[in-house]
Amino acid sequence: RESGNMADALNVIKYAATKALQLLQNRVIHASLITPRRLIHQGTPVEYSEKSVVSSIPSTTLISEAKSLLSWVEDADSLNRGDPGSRASHVSLQESLLLDPSNVFAMEVLQMLDEL
């Protein structure tokens, strides 16, 4: 039953990591422009900015970490089932490193997978 508990835990973690990555990616894909607003202050219009700005976009570091976490969980799930690691996870980890070359977690997971 322990392996069943581990599989259940990995499924929950995989779902949460997948959802987190999807939410971050959606914020990048569906970023919106915020146009400048005029404020009438005591009869005088005041502009905050002359240029439109993009709404909050998650950092590439955050997306890289979410992507590498999901890859690690998927690999742990595969190993728990007795399957070898997939090439897809290697590609995902390499994409993660392209987003943030200083992602230590992605580098360590990739190195761990190469040693298996």
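Residues numbered from 1 in each chain as written. Predicted model: local features only at pLDDT ≥ 70, side-chain atom pairs only at ≥ 80, totals over all residues. Heavy atoms only, no water.

(A) The arrangement of the environment of S59 in detail. As for its position among the elements, S59 is in the loop between β4 (53–54) and α2 (60–80). You can call S59 partly exposed: its relative accessible area is 40%. (Helix = DSSP H or I, 4+ residues; strand = E, 2+ residues; numbered from the N terminus. Buried < 20%, exposed > 50% of the residue type's maximum accessible area, 1.4 Å probe, protein only.)

(B) Expanded view of the packing of helix α3 (residues 87–99) against helix α4 (residues 104–115). Following both chains from N to C, one finds α3 and α4 inclined at 155°, their axes separated by 9 Å at the closest point. Put simply, α3 runs roughly antiparallel to α4. In this structure, the crossing between α3 and α4 has a hand that is left-handed. On the side of α3, the interface is formed by S89, H90, L93, Q94, S96 and L97, while α4 contributes A106, M107, V109, L110, L113 and D114. When the residues that make up the contact of α3 with α4 are grouped by side-chain class, the tally is seven nonpolar, four polar and one charged. (Axes fitted to C-alpha atoms, helices over the stretch in contact; angles between N-to-C directions. Parallel < 35°, antiparallel > 145°, perpendicular 65-115°, else oblique. Left-handed = near helix turned anticlockwise from the far one by under 90°. Contact = heavy atoms within 4.5 Å. Nonpolar A, V, L, I, M, F, W, Y, C, P; charged D, E, K, R; others polar.)

(C) Looking closely at the pattern of salt bridges. Counted according to the given criterion, the structure contains two salt bridges. Residues K14 and D77 are paired through a salt bridge, measuring 2.8 Å at the closest nitrogen-oxygen approach. Here D77 lies in helix α2 and K14 lies in helix α1 (residues 2–29), a separation of 63 residues in the sequence. The class for K14 is partly exposed, based on a relative accessible area of 22%. Since its relative accessible area comes to 4%, D77 is described here as buried. Put simply, K67 and E95 hold a salt bridge, and the shortest N to O gap is 3.2 Å. One end of the pair, K67, is in helix α2; the other, E95, is in helix α3, with 28 residues separating them in the sequence. Residue class for K67 comes out buried when judged on its relative accessible area of 14%. (Salt bridge = Lys/Arg side-chain N within 4 Å of Asp/Glu carboxyl O.)

(D) Looking closely at a nonpolar patch on the surface. A cluster of nonpolar side chains, contributed by V28, I29, L33, V54 and I57, occupies part of the molecular surface with about 470 Å² of accessible area. Overall, L33 belongs to the exposed group, its relative accessible area being 60%. (Patch = residues over 30% accessible without salt bridge, like charges linked within 9 Å, V, L, I, M, F, W, Y side chains within 5 Å. Areas by Shrake-Rupley, 256 points an atom, 1.4 Å probe, with all protein chains shown as cover.)

(E) Quick peek at α2. Between its terminal C-alpha atoms α2 stretches 30 Å, which fits the 30 Å expected from 21 residues at 1.5 Å a residue. Turning to α2, its buried residues are I63, S64, A66, K67, S68, L70, S71, V73, D75, D77 and S78. Downstream of α2 by one or two residues, G82 has phi in the positive range, about 90°. (Expected span 1.5 Å × (residues − 1).)

(F) Inspection of the packing of aromatic side chains at higher detail. This structure, assessed with the given rule, holds one aromatic pair. With a centroid separation of 6.1 Å and 65° between ring planes, the pair formed by W72 and F105 is classed as edge-to-face. Highlighted residues: W72 in helix α2 and F105 in helix α4, separated in sequence by 33 residues. Among the residues examined, F105 registers a relative accessible area of 34% and is labelled partly exposed. (Phe/Tyr/Trp six-rings, centres within 6.5 Å; stacked < 30°, edge-to-face > 60°.)

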